[in-house]
There are 2 protein chains.
Amino acid sequence: MPLGNEPPQLLKQRLLFRGRKFNFEINSLRLPNKSEGDWECIRHPGGALAIPVTAEGKLVLTRQYRFAVQGRLLEFPAGTVEPNETPAQTIQREIEEEVGYRANTWQSLGNFPLAPGYSDEFIYAFLATNLEAVDNPPEGDVDEDIDVVHMTCEEFERAIFKGEGVDAKSIASYFIAKPYFSS
Amino acid sequence: MPLGNEPPQLLKQRLLFRGRKFNFEINSLRLPNKSEGDWECIRHPGGALAIPVTAEGKLVLTRQYRFAVQGRLLEFPAGTVEPNETPAQTIQREIEEEVGYRANTWQSLGNFPLAPGYSDEFIYAFLATNLEAVDNPPEGDVDEDIDVVHMTCEEFERAIFKGEGVDAKSIASYFIAKPYFSS
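**Some details on the sheet that holds strand β3 (residues 36-43) of chain B**
All names here are of chain B. Judged by pairing direction, the sheet is antiparallel, and its three strands sit side by side in the order β1-β2-β3 without closing on themselves. Whereas interior strands pair on both sides, the edge strands pair on one side only; in this sheet they are β1 (9-18) and β3. Within this sheet the neighbouring strands show an average axis-to-axis angle of 20°, counted without direction. Both β1 and strand β2 (residues 23-30) contribute to a ladder of eight bridges, which runs antiparallel. Across the sheet, residue Lys-12 finds its bridge partner in β2, namely Ser-28.

Now the structure itself:
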């Protein structure tokens with residue numbers, strides 16, 4: 001059965017927080033198995049992510065400060081889908097802002113739910129190739145603290161397997177993309 | 001630099017929601033790059049996940065209703081780390097509750113951040129082998145709506161690549177675990 005086809009019955013809806021990128025709701029629900037209760041979740045418009053691969057086969061990543069984990073993670077460029085944007089438009093904007101590249105070839109890799117225990121966010125992943133450097137990259141969010149990192153696949157896999165701060169969406173997207181660019 | 005080593009300066013802390021499994025906070029922070037503002041996030045004690053592999057090389061998964069995505073996802077058994085539990089203890093409890101197996105061999109696969117844009121949750125992944133069925137599996141949470149599914153690796157990878165509702169933590173953990181059980 002496709003996702004979205006079994007909505008719970010909404011008994012009461014409470015918006016607890018309205019944010020710039022997502023909301024936080026507490027809802028009283030009756031689930032398909034008839035259990036009733038309050039469930040909390042982040043309502044998120046979705047995230048779009050690119051796996052940029054250079055002509056030399058290197059991955060273009062970000063080393064980004066994340067206050068939630070009090071440190072710097074290794075992530076593929078990604079961003080929140082804005083109103084009136086498709087995920088493809090989002091990631092074409094974000095890849096220029098975050099890593100300073102434009103991609104001439106895009107391949108959709110599908111989508112997956114990120115943290116379904118408490119968020120409705122889906123990640124839309126894309127393979128980005130035929131890269132060209134942007135002369136004057138547009139400014140990203142002022143509060144972002146990001147460095148650009150180039151890595152071989154071997155280096156990136158070593159970081160994943162050693163647990164060196166690669167997040168779930170980047171690990172999952174990398175392995176979904178790998179058959180498309182590895183020989 | 002290891003994670004957790006660059007805490008932001010906390011200017012003001014507000015607990016907006018205290019839940020059974022996680023809290024939601026809005027904090028005024030000064031980040032290492034000196035930008036100041038309000039950031040929101042879920043404070044989560046962590047999740048523990050098992051990749052159970054049978055003697056026949058089949059994966060044991062759950063098909064679980066998730067209200068946030070209004071449908072059923074394919075996930076490895078997992079659960080929230082409770083107070084006074086280690087992630088290893090959590091997953092030994094959850095694997096019996098969710099799929100009715102006890103594992104006699106455990107291998108830690110490390111951890112990764114799940115949704116660092118708005119959550120401090122880390123997933124602690126374990127490979128679980130030498131499985132034996134539990135005669136009277138303990139009751140799980142009453143509101144859970146879970147079926148147990150056995151799959152070959154080929155079937156599970158097909159579900160991942162076709163985008164058939166496998167979540168990020170299950171995709172990421174599977175590929176981290178794969179070198180340990182595939183020949």
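**Regarding unusual backbone geometry**
Residues and elements named next belong to chain A. A positive phi is found at Lys-34, a non-glycine position, where the angle reads about 80°. Its location among the elements puts Lys-34 in the loop between β2 (23-30) and β3 (36-43). For Gln-70, which is not glycine, the phi torsion reads 55° and is therefore positive. Examined against the element boundaries, Gln-70 turns out to sit in the loop between β5 (59-66) and β6 (71-75).

**Section: the relation of the copies chain B and chain A**
Mapping chain B onto chain A calls for a rotation angle of 180° and an axial translation of 0.0 Å; the resulting RMSD is 0.0 Å. Both chain copies can therefore be described as sitting about a two-fold axis. Identified as the residue of chain B closest to the rotation axis by C-alpha distance is Ala-172 of chain B, at 2.3 Å.

**A short note on the interface of chain B and chain A**
The interface of chain B with chain A comprises 58 residues on the first partner and 58 residues on the second. Mapped onto the side of chain B that touches chain A, the elements with two or more residues apiece are β1, β2, β3, β5 (59-66), β6 (71-75), β8 (101-113), α2 (153-161) and α3 (168-181) of chain B. Take the side of chain B that touches chain A: its biggest share by element is six residues, from α3 of chain B. By residue class, the composition of the side of chain B that touches chain A is 36 nonpolar, 13 polar and nine charged.

Rules used throughout
Residues numbered from 1 in each chain as written. Chains lettered and ligands numbered in written order. Predicted model: local features only at pLDDT ≥ 70, side-chain atom pairs only at ≥ 80, totals over all residues. Pairing = 2+ DSSP bridges. Helix = DSSP H or I, 4+ residues; strand = E, 2+ residues; numbered from the N terminus. Axes fitted to C-alpha atoms, helices over the stretch in contact; angles between N-to-C directions. Least-squares fit on C-alpha atoms with pLDDT ≥ 70 in both. Contact = placed C-beta atoms within 7 Å. Nonpolar A, V, L, I, M, F, W, Y, C, P; charged D, E, K, R; others polar.

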